[in-house]
Each structure stands twice: as C-alpha cells, then as structure tokens.
Amino acid sequence: DAKTTQPPSMDCAEGRAANLPCNHSTISGNEYVYWYRQIHSQGPQYIIHGLKNNETNEMASLIITEDRKSSTLILPHATLRDTAVYYCIVRLPGFGNNNDMRFGAGTRLTVKP
Amino acid sequence: NAGVMQNPRHLVRRRGQEARLRCSPMKGHSHVYWYRQLPEEGLKFMVYLQKENIIDESGMPKERFSAEFPKEGPSILRIQQVVRGDSAAYFCASSTLDGYGYTFGSGTRLTVV
C-alpha cells in the first residue's frame, strides 16, 4: 500500500481557505487519492477523490501535482463546522483488489473565529 | 436511499458478556468493512467481508472477535467475553463489489463496565 504523510494539526481562520497538504510519494499509477473527514467521533465523511486531474465538488477542491506525489485539499471558505480530522488515503479500488480504506493519523484542522 | 445503518448506537456491557454489533450496508452495496476507534486514537481496519465470505481479517484480534455477513440480514461483529479494553467506537462501512461508494455508518459506541 502507498502511504501518506500529513501534518498532525493546522489552524485556519473562519472564512478563509483551508489548504491541507498530503504527501504520497510512493503512489502507483492507478491509485486514487481520497479525502475523508471525521467530525468529533462521528462516522468518517467522504469529501472528494481524484486520480490525476484536479477535482472540485460542493464541499472542496482537490489539487494533485503533476507527478502525483502530493496533493492538497482546499476548503474554500472554512467555517467552524469544518473543524475535524482530515484523512488523505491512497487506494486502488476495483474488482479483485483489496478495497478497504486504511486510515493514518490525519490532520486535525481547527477553524477559529 | 438510507445510508449505512449501525445499531445499537450505544451499547453497555459488563466484563465477560458478549457484544453484538450490527451493520446494514447501503442498498446496492455488497461489501462491508469494520473499523475500531479507541478513545483519542485513529481508525483501525479490522475486517472486510462480502456476503457469506471473509475477504480480509488481518486487523481482527485473534481471540474473542468474529465477524459475519450472512446471505440475509446485516453484518454482525461479535465480541465474546468483553474486557474494558474493548471499549471503543466501532464503525462499519460498505461499498459496491468493486469498492466504489465507500460510505460509513454513524458507529456503535461500546462501553464495558
């Protein structure tokens, strides 16, 4: 499995963009980058995923470097409710593969008023 | 379309009793994954099942823990002779056959007294 490295914690001012980095230098060609978050002991919540191209949805944007060795999750206008632990996961889904998500320590994002 | 349903939400057991945790996957999902989260720790993968088959149980403790996903009904995580160290949040996720749509439930919080 490719491993990921994330800073243990970050702060962000409310209303500003939160940029959460993730290193995945050993990612293989067909592995996707997934982001989940866990708000105060709730079940992890899917945010976004991507393979090569940048992705955007209603929650966030995902920027993947051209060499795919790192990525950044962007929450464009962070609110207090975005305070959570954010997990970056590299995974190869597909029939016949081990499909489970393996979680690291993640980044604890604290959005401050 | 209901999400992943876990019950009970909270479970209290005395030391030595059995705990049964249930997980109903999302409609259309054939695979179930169980995770454990000890207090102030990250999510640890336990087991990955499809109906009537365990695919990967590499994260399951060797004793007292078992999981099943019968042809009919929910997946069950069973903990026999619980000890205080089993107190944790147990999360279930489900996905399609090829690992897409990976969604978590709200968890069961087990307290052993």
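These numbers come from a predicted model, not from an experiment.

**A closer look at the overall build of chain A**
When helices and strands are tallied, chain A shows zero helices and nine strands. Ordered by position from N to C terminus, the α and β elements of chain A give β-β-β-β-β-β-β-β-β. The buried share among the 113 residues of chain A stands at 43%. Contacts spanning at least 24 positions in sequence make up 56% of the contacts within chain A whose residues lie at least 6 apart. Split by element, the accessible area of chain A, about 5,900 Å² in all, is 49% carbon and sulfur. The average position of the 11 basic charges and that of the 10 acidic charges among the side chains of chain A differ by 4 Å.

**Brief notes about the sheet that holds strand β7 (residues 65-68) of chain B**
Residue and element names in this part refer to chain B. If you walk across this open sheet you meet the four strands as β1-β3-β8-β7, and the pairing is antiparallel. The open sheet has two free edges, formed respectively by β1 (5-7) and β7, since each of these has just one partner strand. The sheet shows a mean angle of 15° between the axes of neighbouring strands, direction not considered. In this structure, β7 lies alongside strand β8 (residues 75-79), joined through four bridges in antiparallel fashion. Across the sheet, the residue bridging to E68 is I76, located in β8.

**Quick word on the pattern of salt bridges**
Residue and element names in this part refer to chain A. For the structure shown, the criterion picks out seven salt bridges over all chains. Taking the shortest distance from any N to any O, the salt bridge between D11 and K112 comes out at 3.1 Å. Linking D11 in strand β1 (residues 9-13) with K112 in strand β9 (residues 107-112), this pair joins segments that are 101 residues apart in sequence. With a relative accessible area of 42%, K112 lands in the partly exposed category.

**Here we look at the nonpolar core**
Among the nonpolar cores identified, the biggest contains 23 residues, and B:W34, B:M46, B:L77 and B:Y90 are the most heavily contacted of them. Looking at this core, the elements with two or more residues in it are β3 (19-24), β4 (31-37), β5 (43-50), β7, β8, β9 (88-95) and β11 (108-112) of chain B. Of all hydrophobic cores here, the second largest spans 21 residues; its members include A:I47, A:I64, A:L73 and A:L75.

**Comments concerning the state of the cysteines**
Note on terminology: a disulfide is the covalent bond linking the sulfur atoms of two cysteines. One pass over the full model with this rule turns up two disulfides over all chains. The thiol of A:C12 is not disulfide-bonded; the next cysteine sulfur, from A:C22, is found 18 Å away.

**Overview of unusual backbone geometry**
All names here are of chain B. The peptide bond linking N7 to P8 adopts the cis configuration, its omega dihedral lying at 0°. Following the sequence through the fold, P8 ends up in the loop between β1 and β2 (10-13). If you check the backbone angles, E52 has positive phi at about 65° while not being a glycine. With respect to the helices and strands, E52 occurs in the loop between β5 and β6 (53-56).

**Observations regarding the pairing of strand β6 (residues 61-64) of chain A**
In regular strands, side chains alternate between the two faces of the sheet. All names here are of chain A. Alignment of strand β5 (residues 55-56) against β6, held across two bridges, turns out to be antiparallel. Bridging from a neighbouring strand, E55 pairs with L62 of β6. Inspection of the sheet shows β6 paired to strand β7 (residues 70-75) by four bridges, in the antiparallel sense. Along β7, the bridge assignment pairs I64 with S71. Where β6 folds back on β7, the antiparallel hairpin that results is connected by five residues, among which R68 adopts a positive phi of roughly 65°.

**Focus: the side chain of B:R36**
Residue and element names in this part refer to chain B. As for its placement among the helices and strands, R36 is situated in strand β4. Despite its burial, R36 pairs with no opposite charge; the closest candidate is D86, at 4.1 Å N-O. Among all residues touching R36, those that are not within four sequence positions of it are G42, L43, K44, M46, P61, F65, D86, A88, A89 and Y90.

The rules behind the values
Residues numbered from 1 in each chain as written. Chains lettered and ligands numbered in written order. Predicted model: local features only at pLDDT ≥ 70, side-chain atom pairs only at ≥ 80, totals over all residues. Heavy atoms only, no water. Helix = DSSP H or I, 4+ residues; strand = E, 2+ residues; numbered from the N terminus. Buried < 20%, exposed > 50% of the residue type's maximum accessible area, 1.4 Å probe, protein only. Contact = heavy atoms within 4.5 Å. Areas by Shrake-Rupley, 256 points an atom, 1.4 Å probe, with all protein chains shown as cover. Lys, Arg positive; Asp, Glu negative; His and termini not counted. Charge placed at Lys NZ, Arg CZ, Asp CG, Glu CD. Pairing = 2+ DSSP bridges. Axes fitted to C-alpha atoms, helices over the stretch in contact; angles between N-to-C directions. Salt bridge = Lys/Arg side-chain N within 4 Å of Asp/Glu carboxyl O. Core = buried A, V, L, I, M, F, W, Y, C linked by side-chain atoms within 4.5 Å. Disulfide = S-S within 2.5 Å.

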